[in-house]
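# Close look at the chain arrangement
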Amino acid sequence: MAFDSRLSRVVAVVVVVLLLAGTAYGLVAVDRPRVEAVDNDWGTVTQEWTEVETRIQVANPALLRVGDAVADVEYTLSLNGIGMAHERTRSVDLSGERDVVHLSTRVDNDDIPEWWASHVERNETTTVRVDPTVAVEYAGVRVPAESWTRTRTVETDLLEPLRTGENRRITASNRTLLIVNDTDARWGNATVERTPIHASATVTNPTPVAVPVTDIEYTIRMNGIVVGNGTAAEPTVVPPGETRTLETRAVIDNSRLDEWWVTHLRNDETTRMTVDFYATVELFGNRYRLPLESLSYERTFHTDILGSDGSTTNDAGADRRVQAAQTTARGR
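Nothing here was measured: the structure is a model prediction, and the numbers come from that model. (Residues numbered from 1 in each chain as written. Predicted model: local features only at pLDDT ≥ 70, side-chain atom pairs only at ≥ 80, totals over all residues. Heavy atoms only, no water.)

### Regarding helix α3 (residues 257-266)
Helical geometry: 3.6 residues make up each α-helical turn, so side chains three or four residues apart lie on a common side. Counting buried positions along α3 yields seven of 10 residues, so the element is predominantly enclosed. For α3, every residue scored as buried is listed here: Leu-257, Asp-258, Trp-260, Trp-261, Val-262, His-264 and Leu-265. Following α3 by one or two positions, Asp-268 adopts a phi angle in the positive range, close to 60 degrees. (Buried < 20%, exposed > 50% of the residue type's maximum accessible area, 1.4 Å probe, protein only. Helix = DSSP H or I, 4+ residues; strand = E, 2+ residues; numbered from the N terminus.)

Given below as structure tokens:
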């Protein structure tokens, strides 16, 4: 029995050495071990970390299935080049033509602001990269698996509802105070700490008196989590019959995004984003706090970072795009 075991190991070593030598000199052509598919799912989600459950299917060529084999498996998930999850498992037993290796990896939720800033800075685009590495050891000889990497693209368009030329009215006590001619918005310079939103509205004063806009306030919510609020603009006076541009600057506090991230995953990677603006206007001795419905809006978006079914195969297309799902603009 011991002799048979030693003989099996000797045969395995000879086969592997001949395979490697023959491949190096172009004498033989035999498949190496290879990753056939990777299946990802979100696991446990807490306020501090997010689990990624991964199953990697490894194929073993028939010529190499001589004796016992073990594998060292490494897995990396990155978003826009930012390493979000990494795990290594050594000496995993392989037994058949196809084996499935299970890994559990954790994403530190504190890394979400860095990814978010990169997503915004790249025109709301994220490249998801899944990179498993497998090396199989046959009788003490290490054989690396064929390289296998997959990428996919996730896109959103969160400010699109604010880019419109539709006319709207701002009223108080059944009186039109201002007419909004058009609105626009763009992202400012996003950092790990904050994400600015520059929004503007071109307004015309149809009244016979000047309309002072003393301040504009904002609140940004993502799945009900307040991720930004404050004063968005300096005081502006719109003379009678004239047109002015109200410039606003809202800011997402990225330190609040880890809390939002938990709700996003628990809601099947779906978020309802709301941005509310309020203007304080003085007219005829009265102060009115009015909702700026022309700048306020709702946007529902879905990211699908791990893929529709969480899996990618060795024959799958390397790029799939996911767009923001739905828009509801209030006051239109």
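### So, helix α2 (residues 112-121)
Where burial is concerned, most of α2 is hidden: eight out of the 10 residues are buried. Within the sequence span of α2, burial applies to Ile-112, Pro-113, Trp-115, Trp-116, Ala-117, Ser-118, His-119 and Val-120. Note on α2: the residue one or two positions beyond its end, Asn-123, has a positive phi of about 55 degrees.

### Re the pairing of strand β17 (residues 286-291)
With six bridges connecting them, strand β16 (residues 270-283) and β17 associate as antiparallel partners. In the strand pairing of β17, Tyr-278 is matched with Pro-291. The hairpin formed by β16 and β17 contains two residues between the paired strands, and Phe-284 there has a positive phi angle of roughly 55 degrees. (Pairing = 2+ DSSP bridges.)

### Considerations on the confidence of the model for the protein
Confidence in the prediction for the protein averages 82 pLDDT; 79% of positions are at 70 or higher. Here strand β20 (residues 321-322) is the element of the protein with the lowest mean pLDDT, 36, and α2 is the one with the highest, 97. Across residues 5-30, where pLDDT falls below 50, the model places 20 contacts with residues more than four positions away in sequence or in other chains. Long-range and interchain partners of residues 315-332, a stretch whose pLDDT sits below 50, account for 61 contacts in this model, where long-range means more than four residues apart. (pLDDT = per-residue confidence, 0-100. Contact = heavy atoms within 4.5 Å.)

### Thoughts on the packing of aromatic side chains
Using the criterion set out here, one finds seven aromatic pairs in the structure. Ring geometry for Trp-115 against Trp-116: centres 6.4 Å apart, planes inclined by 80 degrees, an arrangement best described as edge-to-face. As far as burial versus exposure is concerned, Trp-115 and Trp-116 are alike and both buried. With centroids separated by 6.5 Å and ring planes inclined at 40 degrees, the aromatic side chains of Trp-260 and Phe-301 adopt a geometry described as tilted. Of this pair, Trp-260 sits in helix α3 while Phe-301 sits in strand β18 (residues 297-302), and the two are 41 residues apart along the sequence. Residue Trp-260 shares its accessibility class with Phe-301, and that shared class is buried. Of the aromatic side chains, those joined through ring pairs into one cluster are Trp-42, Trp-115, Trp-116, Trp-260, Trp-261 and Phe-301. Sitting above the plane of the Trp-49 ring, Arg-106 keeps its charged end 3.5 Å from the centroid. The ring of Trp-148 is capped by Arg-150, whose NZ or CZ atom sits 5.1 Å from the centre of that ring. (Phe/Tyr/Trp six-rings, centres within 6.5 Å; stacked < 30°, edge-to-face > 60°. Lys NZ or Arg CZ within 6 Å of the ring centre and 35° of its normal.)

### Quick look at the sheet that holds strand β11 (residues 194-204)
The strand order β9-β10-β11-β15 describes an open sheet built from four strands, whose pairing is antiparallel. Two strands in the sheet have a free side with no partner beyond their single neighbour: β9 (168-172) and β15 (243-253). Strand-to-strand twist in this sheet, taken as the mean axis angle between neighbours without regard to direction, amounts to 35 degrees. Strand direction decides the pairing type here: β11 and β15, joined by 11 bridges, are antiparallel. Looking across to β15, one finds that Ser-200 is bridged to Glu-247. (Axes fitted to C-alpha atoms, helices over the stretch in contact; angles between N-to-C directions.)

### Overview of the side chain of Asn-80
Looking at where Asn-80 falls in the secondary structure, it is placed in the loop between β3 (69-79) and β4 (82-94). Looking at Asn-80, the relative accessible area reads 7%, which means it is buried. Only 3.2 Å separates the side chain of Asn-80 from the backbone oxygen of Thr-125, close enough to count as a polar contact. Excluding anything up to four places from it in sequence, Asn-80 contacts Ser-118, His-119, Arg-122, Thr-125, Thr-126 and Thr-127. (Polar contact = N/O pair within 3.5 Å; in protein donor to acceptor, adjacent residues only side chain to side chain.)

### Digging into the pattern of salt bridges
Inspection of the entire model under this criterion finds 13 salt bridges. In this structure, Arg-221 engages Asp-276 in a salt bridge whose closest nitrogen and oxygen atoms are separated by 3.5 Å. Here Arg-221 is found in strand β12 (residues 211-222), whereas its partner Asp-276 is found in strand β16, with 55 residues between them in sequence. Salt-bridge contacts for Arg-287 lead to Glu-282; the nearest nitrogen and oxygen are separated by 2.7 Å. For Glu-282, a relative accessible area of 32% puts it in the partly exposed group. Counted as one network, the salt bridges with shared partners bring together Asp-39, Asp-41 and Arg-55. (Salt bridge = Lys/Arg side-chain N within 4 Å of Asp/Glu carboxyl O.)

### Quick look at unusual backbone geometry
One can expect most non-glycine residues to show negative phi and most peptide bonds to be in trans. One non-glycine residue, Asp-268, lies in the positive phi region at around 60 degrees. Inspection of the secondary structure assignment puts Asp-268 in the loop between α3 and β16. For Asp-268, a relative accessible area of 57% translates into the label exposed. Look at Asp-304: it is not a glycine, yet its phi comes out positive at around 55 degrees.

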